[in-house]
Structures are given as structure tokens and as C-alpha cells.
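# Observations on the three-dimensional arrangement
Chain by chain, the residues run as shown.
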2 protein chains.
Amino acid sequence: MHLTAGRLDMRELVKSCKALSDETRLRVLNVLMERDCCVSEVRQALQISQARASRSLSTLYDAGFLRLRRRGLWSLYSIEKENLQEYSVDLIEGVRKALKDDETALLDRHRLEGGKRLGPDQVCKP
Amino acid sequence: MHLTAGRLDMRELVKSCKALSDETRLRVLNVLMERDCCVSEVRQALQISQARASRSLSTLYDAGFLRLRRRGLWSLYSIEKENLQEYSVDLIEGVRKALKDDETALLDRHRLEGGKRLGPDQVCKP
DNA sequence: CAGTTAGATGCATATTTTCGCATCTGTGGA
DNA sequence: TCCACAGATGCGAAAATATGCATCTAACTG
């Protein structure tokens, strides 16, 4: 094991916390905890604009919380598990606990289930 | 055990994450992980203005991360342990891990130790 | 009671962030 | 090759933040 010797972790941490400092992005993370989603699914579940959904996902991605797989026209986002920073595991766990019983979070998750699946699985043939 | 049924946790969580989304405040939290501090000790360790130290502490306090004990002229801040939200435990743990080896954080902790103790313990007789 | 000291806060300013609208990009289908 | 659709992004306006300076408050001291 080489010495990673975190030197500039402060900036990284600020970036991570900033990414979690917005209701929309927390709601996005919340639905992604249920299952992988493409942008339009997030948009539907949260009832927000396309641009807003896309930007929220990008921000979370840039902060290292998400993984992105392109499938044809779709961008399939999921919570990063492999290359997640150690401290990010704790942050995400905190978010999960906090939103477990939150009204908005519950509603978003409900809409995600209820909404008809528009994801790449139905349409895209790799 | 009554049903607390966390309903409005989203706002709380956003507030908590916002509080952690600033380098100064993370540095403050970092030194408080070493030991309880009054405002001027934080100011010295971080080499920042009095107003900035005071405001940073207030913000963290309002977010529920800190405990405050007044001792005469001094305000003694410490990390809240008793009444800390469950999810805040994870958030703080994440911060601790991230800053463990960070250069700035190390320097701040070093200055905290080195700095002559101005705290209430020397001065205040309860 | 007046002076001193630690800390809190109002105000003004500079910076950052959010978000809709419109537009651009890239991929797959006809 | 042209069209349609998912998603990314530039831009500008509005809102939220951070922070220094000066000032105010409260508590101990003499």
C-alpha cells in the first residue's frame, strides 16, 4: 500500500460538502440510493426541469459521488461504490440516515417507483 | 419510544451540509476535534479575524454541531456529543477522516497546541 | 461606577451559487 | 443523410454567502 498522504483533502472535502448543500442534489442522491437512474427519470421523480436534473447530477458526479455509464442516448447515473473516497462513505451514510423518513424524500422515491421506466434497458440494444 | 417520524429532515440536512461547506468552518471543526476552545483560541490557531472565528463558530453551533458553555467572558465551544443528530455523527466522522492528514488541518492543530492557553481554565473561577 | 476585555452583530461589498431559457452535441433510427 | 430525442452547457438575472470594519453587549476588575 503506497502512501497516499492526503495533502489537499481540504479542497476535496469542501467540494464534497458543497455538493451536498443543496436540496435538489440531496433529493437526487436520495433517488439514486433506490436504484440507478438516467437523467429523465430523476427529472420525473423530482418534478424538476431537465437542465436542473442534468446539472445536479453533474455536480454530484464531479464531487466523486456518482458513477456514469453512457448507454446510447442515455446517461445512466449510479452511486459510486468502487472508487468512493473513504470519507464520502460516511457523508453518504449521513445523508441516507437523515432522509430515511423525510417527507419529500419519501415522495420522490415513491414517484420513482410509480413512474414508468423510461431507462435505456427498454430501448437500448448494446 | 415515541414516533419521532422525522418529517422535515431535508432542511436540517441542507443546513448541516452548508455549515460544512466552507474551508474556515471545517478548519474550526478540525481544531475542536482536538479539544474545547474559546473563540480567541480558534482565532489564534487559524490565524483569522475575531469576527470570522466568532461567525464560523456560530454557524456550526446553529447547525447543531457544537455545544456552548459560557464561562465569564469566554465562550467555550466544543463538539456536541449528547444531543448530536444521528446523521451528524456520520458527517463529522467523514470530516475527521478527510482532514486527518491534510496539511492545513495539521498546521492548525499544531498552532493550537503550541499557542499559549488563553482559555477560561486559567482565568475563570466558577 | 468607569474601564477593560471576549465575543456577537449590523452594514456594505465582493464573490459565489442557483436556475430557467435557449442552444448545442452526440447517438440512433428511418 | 436527415430527423428525433436525451442530455450537456453558455448566458444572464436573482438570490445567497462570506467577510472586514466598526460597533455593541455583557461580564469581570478596580
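As a reminder, the structure under discussion sits directly above these lines.
The text that follows walks through the structure, step by step, so that each part is easy to find. (Residues numbered from 1 in each chain as written. Chains lettered and ligands numbered in written order. Predicted model: local features only at pLDDT ≥ 70, side-chain atom pairs only at ≥ 80, totals over all residues. Heavy atoms only, no water.)

A separate point is the pattern of salt bridges. Side chains bearing opposite charge may pair, as long as their charged atoms lie close to each other. Under the definition given, this model contains 16 salt bridges over all chains. Note that Arg 96 of chain A is salt-bridged to Glu 93 of chain A, the shortest N-O span being 2.8 Å. Taken together, the residues Arg 96 of chain A and Glu 93 of chain A, both in helix 5 (residues 86-99) and three residues apart, mark about one turn of the helix. Two residues, Asp 36 of chain B and Arg 69 of chain B, come together in a salt bridge whose shortest N-O distance is 2.6 Å. Within this pair, whereas Asp 36 of chain B is found in the loop between helix 2 (23-32) and strand 1 (37-38), its partner Arg 69 of chain B is found in strand 2 (residues 66-71), the two being separated by 33 residues in sequence. On the basis of relative accessibility, which here comes to 29%, the residue Asp 36 of chain B falls in the partly exposed class. A network of salt bridges, in which partner residues are shared, links Arg 27, Asp 108 and Arg 111 of chain A. (Salt bridge = Lys/Arg side-chain N within 4 Å of Asp/Glu carboxyl O. Helix = DSSP H or I, 4+ residues; strand = E, 2+ residues; numbered from the N terminus. Buried < 20%, exposed > 50% of the residue type's maximum accessible area, 1.4 Å probe, protein only.)

Let us now look at the protein's contact with DNA strand C. Surveying the vicinity of DNA strand C reveals 21 residues, the closest of which are Arg 25 of chain A together with Ser 40, Ser 54, Arg 55 and Tyr 77 of chain B. Measuring from a phosphate oxygen of DNA strand C, one finds a side-chain N or O atom of Ser 49 of chain A at 2.9 Å. In this structure, a base nitrogen belonging to DNA strand C sits 2.9 Å away from a side-chain N or O atom of Gln 50 of chain B. Of all the secondary-structure elements, those providing two or more residues to the surface near DNA strand C are helix 4 (50-62) of chain A together with helix 3 (39-46), helix 4 (50-62) and strand 3 (74-79) of chain B. For the surface near DNA strand C, the element with the most residues is helix 4 of chain B, which contributes four residues. The residue inventory of the surface near DNA strand C, partitioned by class, reads eight nonpolar, six polar and seven charged. (Near = heavy atom within 4 Å. Polar contact = N/O pair within 3.5 Å; in protein donor to acceptor, adjacent residues only side chain to side chain. Nonpolar A, V, L, I, M, F, W, Y, C, P; charged D, E, K, R; others polar.)

Its rotation angle being 180°, the transformation that places chain B on chain A also includes 0.0 Å of axial translation and leaves an RMSD of 0.0 Å. Taken together, the rotation and translation relating the two chain copies correspond to the operation of a two-fold axis. Comparing interface residues between copies, 100% of those in chain B also sit at the interface in chain A, which points to an isologous, same-surface contact. (Least-squares fit on C-alpha atoms with pLDDT ≥ 70 in both. Contact = heavy atoms within 4.5 Å.)

Residue and element names in this part refer to chain B. With antiparallel pairing, three strands are arranged side by side in an open sheet as 1-3-2. At either margin of the open sheet sits one strand with a lone partner, and together these are strand 1 and strand 2. Here strand 1 pairs with strand 3 via two bridges, running antiparallel. If you follow Cys 37 over to strand 3, its bridge partner there is Tyr 77. Seen against the sheet, helix 4 touches strand 2 and strand 3 and runs at an angle of roughly 125° to strand 2. (Pairing = 2+ DSSP bridges. Axes fitted to C-alpha atoms, helices over the stretch in contact; angles between N-to-C directions.)

With that settled, consider the protein's contact with DNA strand D. In the neighbourhood of DNA strand D, 22 residues make up the surrounding shell, with Ser 40, Ser 54 and Arg 55 of chain A together with Arg 25 and Ser 49 of chain B lying closest. For DNA strand D, the backbone portion of the atoms within 4 Å of the protein, that is sugar and phosphate, comes to 58%. Contacts to DNA strand D include Arg 52 of chain B, whose side-chain N or O atom sits 2.9 Å from a phosphate oxygen. At the level of secondary structure, the elements contributing two or more residues to the surface near DNA strand D comprise helix 3 (39-46), helix 4 and strand 3 (74-79) of chain A together with helix 2 and helix 4 of chain B.

Take the interface of chain B and chain A next. Residue-level contacts link 31 residues of chain B with 31 residues of chain A. Buried area between chain B and chain A, both sides added, is near 2,700 Å², and the carbon and sulfur share of it is 62%. By the criterion of area lost to chain A, the three top residues of chain B are Met 10, Ser 21 and Asp 90 of chain B, representing 22% of everything that side buries. At the boundary of chain B with chain A, the tally comes to four salt bridges. (Buried area = accessible area lost by both parts, 1.4 Å probe.)

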